[in-house]
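Geometric and topological summary
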Amino acid sequence: MNPFEYYSGQLSVKETRANTLQKQINNLSTLRLLSGCVLLVIVYFAFKYDTAPFWLAVTGSFIAFLYTVKRHGGFKDKHKLVLLNIKLLKDELQAVEGNHSAFLAGKELMDASHPYSYDLDIFGDGSVFQMLCRSVTHSGYKALAQLLQSPYASAEEIAQRQAIVKELSSNPDLLQSFRITGAAGEEGVKDREHILSWMELEDSFISKPYLKIASVVVPLAAIVFFVLSIMQGTFHLGLLLVLVANWTILGIHSKDIKRNHLLVGRSAKLIDKYDSLLRVIASSDFQNEMLQRCSVAAKKSLAEIMQFRKLVNLFDSRANGMVGPLMNSFFLFDIYCLLKLEKWRAQNRQLLSAAFDYVDIFDVHASLATYAFNHPANNYPAINPEQTAIIAKDAKHPLISAKAAIGNDATIGINERFYLLTGANMTGKSTFIRTIGANLVLSYVGVPVPVAAFTVPLVRIYTAIRISDSVQDDVSYFKAELNRLQRIMHAIKDETQPYLILLDEPLRGTNSTDKQQGTRSIVERLIAHHAIGIVATHDTGLCDLEQTHYGKISNYHFESRVEQDHLGFDYKLKAGCSTSNNATVLMRLMDII
């Protein structure tokens, strides 16, 4: 299915629907105004003539007015949801064209100390995370980020991820429904944490028998005294006793009531949101075992969560300035709600947490599946845990649009352990390194990647590409680079697992002699361990490493060419050592020298 055609077709349908709803809203607004005016006129005549037909007419017109108000509100809610759908479809159309700026970038997740995420543009503006993320819950957002920060898994687990992504990506209607439902719901950053904390609390109300008795006796007494007051035509003293009893009991337990309301009462919108998301998951039949578990769990939990949703919404109504005080004064409203909530909690302690977890699983894979759907030309990689080699055919960078990206082949770990990559400025060395690294991360995550074919081993990724100094922490650029290299060297001492090491222009913060000698030593130490990778450098003097370490290091390069009054680049990887330089040419073309 062509994603552009799908989103365009859906957008046309939804825009038509939005226009229809707007017309209905306008008509209902007029009808609501007319019914309100009619009601006022009939009320006027009812008071003037005070006859039964007029008062019956008042009742009828009032019901008609309420009906138009309700219908108007219902159509406005539908219109709001359709407008949200339109926005999301427009965002996806931009994403298909390579513009992901409408989505969350995860800037706060950027971490220069992470083994690879900072160098491979995993987080931040224009990042892999921004390209993938369609999370509709805070926990799903965090889970997706965690997956990108640590995607390592067995070949079987990665195959399972791929299977889930494949099935979900074949159902874009379901993905859109889940996304719209989640985007329409409200969720505070701490809501889930609060409600799960409440689930772990000890029962402080149902464990007290007198509260159960009081929750029945006190409201009954209030009703009896209300009836007696009406019959006598005067305020019955018993009502005062009821008021005193209510507020005494509530005062004794006020601290526990406030704590419970803080944790659960204010999370009503979160429960509404997850209830709606679970309904979307439960509405589909899946082939994949994990998705089946999500669907079955959603179906089983819906009835209980619906009951919990009603109880939470009821308890939250205590915040109403009129309802709460009135109900608490005569009917021990807070105590009644908390007894019901604690009873539900006692019967369903594990249900809510499990339901949240299944929504998280679906949320993460819905993001991955949307990416897969949006990139039909991508291919799923083959995971080969039996060898330490990356075999790529026509590999392109996932963040460069398909129209502009140039693909390259690579066989790192087949004929050699490391590529020594040389080439002049702007020829494509850094992009190639990031292409291999970013595609490997995406492969482990379980999505298809922009390659004709990609066979990858199970390796740990470490990079030193983009080094960041810190004035605040008194860390110089060179010291920051040494710290990064030190972490890599310490990591590869663990020979129980293989590594992919990606270095771009190591030791650039020192003089040329130190740089060449130091880079040579780094490469020689890397090949002594269980690692494969790429080391990019401008220093062609290092190309003799291919002869001195034959079968372990091979020279590859990117070239530039001078074409009349400008430089040309083909961005194609070639065997051998680079022979071209372009810095002087570039400065001359830019009128620097």
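What you see is a predicted model, and the numbers here were worked out from it, not measured in a lab.

Here the structure, examined in full by the defined rule, presents 20 aromatic pairs. The aromatic ring of Phe103 is capped on one face by Arg134, whose charged end is 3.6 Å from the ring centroid. A cation over a ring is seen here: Arg345 above Trp198, with NZ or CZ 4.5 Å from the ring centre.

Turning next to empty space enclosed by the protein. Counted according to the given criterion, the structure contains two cavities of 30 Å³ or more. Approximately 70 Å³ is the volume attributed to the largest cavity. Lining the largest cavity are Glu92, Arg134, Val136, Leu175, Gln176, Phe178, Arg179, Asp363, Ala366, Ser367 and Thr370. Going through the elements one at a time, helix H6 (172–184) and helix H15 (351–374) are the ones with two or more residues in the lining of the largest cavity. When its volume is computed, the second largest cavity comes out at roughly 40 Å³. Residue lining of the second largest cavity: Tyr6, Tyr7, Pro172, Leu175, Gln176, Thr370 and Phe373, and that is the complete set. Only helix H1 (3–49), H6 and H15 provide two or more residues apiece to the lining of the second largest cavity. If one sorts the elements of the lining of the second largest cavity by residue count, H6 sits on top with three residues.

Next up on the list: the sheet that holds strand E6 (residues 460–464). Strand order in the open sheet made by the six strands is E6-E7-E8-E4-E9-E12, with mixed pairing throughout. Because the sheet does not close on itself, it has two edges, and the strands there are E6 and strand E12 (574–575). The sheet contact formed by strand E7 (residues 499–504) and strand E8 (residues 531–536) spans six bridges and is parallel. Bridged to Ile501 within E8 is Gly533.

Our focus in this paragraph is a nonpolar patch on the surface. There is a patch of nonpolar side chains on the surface, built from Ile213, Val216, Val217, Leu220, Ile223, Val227 and Met231 and spanning about 680 Å² of accessible area. Examined against the element boundaries, Ile223 turns out to sit in helix H8 (residues 209–232). What makes Ile223 partly exposed here is its relative accessible area of 44%.

With that settled, the discussion passes to the pairing of strand E9 (residues 553–558). Judged by how many residues are buried, E9 sits mostly within the fold: six of six residues are covered. Side chains Ile553, Asn555 and His557 of E9 all project onto a buried face; the interleaved residues Ser554, Tyr556 and Phe558 project onto the opposite face, where all are buried too. Pairing geometry for strand E4 (residues 418–423) and E9, over six bridges, is parallel. Directly across from Leu420, in E9, lies its bridge partner Asn555. Note that E9 and E12 share two bridges and pair antiparallel. If you follow His557 over to E12, its bridge partner there is Lys574.

Rolled over the atoms, a probe sized like a water molecule indicates the empty space that remains. One number sums up the size of the largest pocket: a volume of about 580 Å³. Elements with a contribution of two residues or more to the lining of the largest pocket: H1 and helix H2 (52–96). Looking at the lining of the largest pocket residue by residue, the classes come out as 14 nonpolar, nine polar and four charged. Put simply, the second largest pocket is a space of about 420 Å³. Along the walls of the second largest pocket sit 21 residues, with Leu104, Ser135, Val136, Arg179 and Ala183 positioned nearest its centre. Of all the secondary structure elements, the ones that give two or more residues to the lining of the second largest pocket are H2, helix H4 (138–149) and H6. With four residues, H2 is the single largest residue contributor to the lining of the second largest pocket. Partitioned by chemical class, the residues of the lining of the second largest pocket number nine nonpolar, five polar and seven charged.

Rules used in this analysis
- Here, residues in each chain are numbered from 1, in the same order as that chain's written sequence.
- Since the coordinates come from a predicted model, pLDDT governs what is reported: local features require at least 70, and pairs of side-chain atoms require 80 or more to be given and counted, while whole-chain, interface and lining totals use all residues.
- Side-chain metrics in this entry use all non-hydrogen atoms of the structure; hydrogen atoms and water are not considered.
- Between 30 and 60 degrees the pair is tilted, below 30 it is stacked and above 60 it is edge-to-face, where a pair is any two Phe, Tyr or Trp rings, Trp via its six-membered ring, whose centres lie within 6.5 Å.
- Note on criteria: charge over ring means Lys NZ or Arg CZ within 6 Å of the ring centre, with the direction from the centre no more than 35 degrees off the ring normal.
- A 1.4 Å probe that fits into a set of points on a 1 Å grid over the protein atoms alone but cannot get out defines a cavity; an open set with protein on both sides within 12 Å along at least five of seven lines defines a pocket, and lining residues are those with an atom within 4 Å of a point.
- Grid points are joined across faces, edges and corners, and a volume is the space filled by probe spheres set on the points.
- Here a strand is any run of E in DSSP of at least two residues, a helix any run of H or I of at least four, and the numbering for each starts at the N terminus.
- A pair of strands counts as paired when DSSP detects no fewer than two bridges linking them.
- For patches, a residue must show more than 30% relative accessible area and have no salt bridge; joins then use 9 Å for like charges and 5 Å for nonpolar side chains, namely Val, Leu, Ile, Met, Phe, Trp and Tyr.
- Note on areas: Shrake-Rupley with a 1.4 Å probe; residue coverage comes only from the protein chains shown.
- Should a side-chain nitrogen of Lys or Arg be within 4 Å of a carboxyl oxygen of Asp or Glu, the pair is scored as a salt bridge.
- The rule is simple: take the accessible area with a 1.4 Å probe, protein chains only, and divide by the maximum for that residue type; under 20% is buried, over 50% is exposed, in between is partly exposed.
- Throughout, the ten residues Ala, Val, Leu, Ile, Met, Phe, Trp, Tyr, Cys and Pro are labelled nonpolar, Asp, Glu, Lys and Arg are labelled charged, and all others, Gly among them, are labelled polar.

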